[in-house]
Amino acid sequence: MPLALAVDFGGTKVEAALVDERGTVLAGSRYRAATGREATSAALVDAVESVSARALATAADAGIIGVGIGSAGPIDAAAGLVSPLNVPAWRDYPLRAQLEALVPDTPVRIAIDGLCIALAENWIGATRGTRTSMGMIVSTGVGGGLIIDGAPFQGPSGNAGHIGHLEVGGFDEPCACGGTGCLEAIASGPHTVEWARRQGWAGATGEDLAAAHAAGDPLALAAVERAGTALGRAIASATALCDLEAVAIGGGFSHVAPELFTHIRAAMQPRAGWSFVEKVRVTPSALSGEGPLIGAAALIHCS
């Protein structure tokens, strides 16, 4: 059975697993380690090496036909370098070369994590059967990727579709990228929690916010509505630009409350007079937490 080693590197964790040609994550092959804003470069290198080696050890006699890497951006896809905004220790880090050394004589491909989500959803998930779609991650950051006319669209640097740094009307938060009112600075999990705390909410994490929202806490309700409003405005703008058929949203913070999607759709209603924008279908990811890994494997299985 041909297997791909899939590696997903993000602002909170790195995961690795083996994925078969049907997009199934091999049982017992999935491992994770912490990353984060405070991690040193050496610790990050060790985390990637550890989870990847442990995943490979479960392959037994199966053939590894390639390695697919999804990374938080920005990236330099041609050079195989990553500079995740929320992981300051890595700037132009040669992540592809690290995996090439671990799995020699095997093709290694890299893409921004948002594109991996888009590929996974289009392969076996919520946007399957569409030709023009977007996949999104709403988690530590906000990322995105595009499928245009049936093909992944990376752009010349590999960063196309990074909707997290689209500036959203009506918001003025400064973003670490240098922009003002970027979607990531408004609607990511940590920034939503930060906004709620500035209003007087006493919780500390996205999990706390989810529990408070479920309990009807007014500040938690307002925080989730605010995040959903920003997401909806950004998606409407992206749809107007790319004529999207469907958008699938995954990532830990996308599960903060079912009402998040109600707020997203409500924020898109002012565009209802534009039928090509109104038609877009916005849905939660169909792939649970495995989407980024499945998408990284798609770089090998679907190339």
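All figures in this text were calculated on a predicted structure; none of them were measured in a lab. (Residues numbered from 1 in each chain as written. Predicted model: local features only at pLDDT ≥ 70, side-chain atom pairs only at ≥ 80, totals over all residues. Heavy atoms only, no water.)

Within the protein chain, the regular secondary structure consists of ten helices and twelve strands. Taken over the C-alpha trace, the protein chain has a radius of gyration of 19 Å; the compact-globule value for 303 residues is 19 Å, and the two agree within 12%. Out of the 303 residues in the protein chain, the part that is buried amounts to 54%. Look at the contacts in the protein chain between residues 6 or more apart in sequence, and 64% of them connect residues 24 or more apart. (Helix = DSSP H or I, 4+ residues; strand = E, 2+ residues; numbered from the N terminus. Rg over C-alpha atoms; globule rule 2.2 N^0.38 Å. Buried < 20%, exposed > 50% of the residue type's maximum accessible area, 1.4 Å probe, protein only. Contact = heavy atoms within 4.5 Å.)

Pairing is mixed across the open sheet formed by five strands, whose spatial order is 3-2-1-4-7. Whereas interior strands pair on both sides, the edge strands pair on one side only; in this sheet they are strand 3 (31-34) and strand 7 (108-112). Between one strand axis and the next, the sheet turns by 15° as a mean value, whatever way the strands run. Across four bridges, strand 2 (residues 13-20) lies against strand 3 in antiparallel orientation. Opposite lysine 13, over in strand 3, you have alanine 34 as the bridge partner. The sheet strands contacting helix 10 (residues 291-301) are strand 1 (3-9), strand 2, strand 4 (64-71) and strand 7, and the helix crosses strand 1 at an angle near 130°. (Pairing = 2+ DSSP bridges. Axes fitted to C-alpha atoms, helices over the stretch in contact; angles between N-to-C directions.)

Within the structure shown, the criterion is met by ten salt bridges. With a closest N to O distance of 3.8 Å, arginine 22 and glutamate 21 form a salt bridge. On the accessibility criterion, arginine 22 (51% relative accessible area) is exposed. If you follow the salt bridges from partner to partner, you end up with Asp8, Lys13, Glu15, Arg30 and Arg32 in one network. (Salt bridge = Lys/Arg side-chain N within 4 Å of Asp/Glu carboxyl O.)

Our next topic: the sheet that holds strand 12 (residues 281-284). Strand order in this open sheet of five strands is 10-9-8-11-12, and the pairing throughout is mixed. Edge positions in the sheet fall to strand 10 (151-153) and strand 12, since each of these pairs with one other strand and no more. Across the sheet, the mean angle from the axis of one strand to that of its neighbour is 25°, orientation sign disregarded. Sheet strands in contact with helix 3 (residues 113-124) are strand 8 (133-138), strand 9 (142-148), strand 10 and strand 11 (246-250), and its direction is about 50° off that of strand 9. Packed onto the sheet, helix 8 (residues 259-268) meets strand 11 and strand 12 and runs at close to 165° relative to strand 12.

What follows deals with unusual backbone geometry. The linkage connecting glycine 73 with the following residue, proline 74, adopts the cis geometry, with an omega of 5°. Considering the arrangement of structural elements, one finds proline 74 in the loop between strand 4 and strand 5 (75-76). In this structure, aspartate 92 is a non-glycine residue whose phi angle is positive, near 55°. With respect to the element layout, aspartate 92 can be found in the loop between strand 6 (81-82) and helix 2 (95-102).

Quick reminder: α-helices carry 3.6 residues per turn. Residues three or four places apart thus point the same way. With 25 residues, helix 7 (residues 218-242) extends 36 Å between its outermost C-alpha atoms, agreeing within 8% with the 36 Å of an ideal straight helix rising 1.5 Å per residue. Between the side-chain oxygen of the N-cap and the backbone nitrogen of leucine 219 there are 2.9 Å, and the N-cap of helix 7 in question is aspartate 217. (Expected span 1.5 Å × (residues − 1). Polar contact = N/O pair within 3.5 Å; in protein donor to acceptor, adjacent residues only side chain to side chain.)

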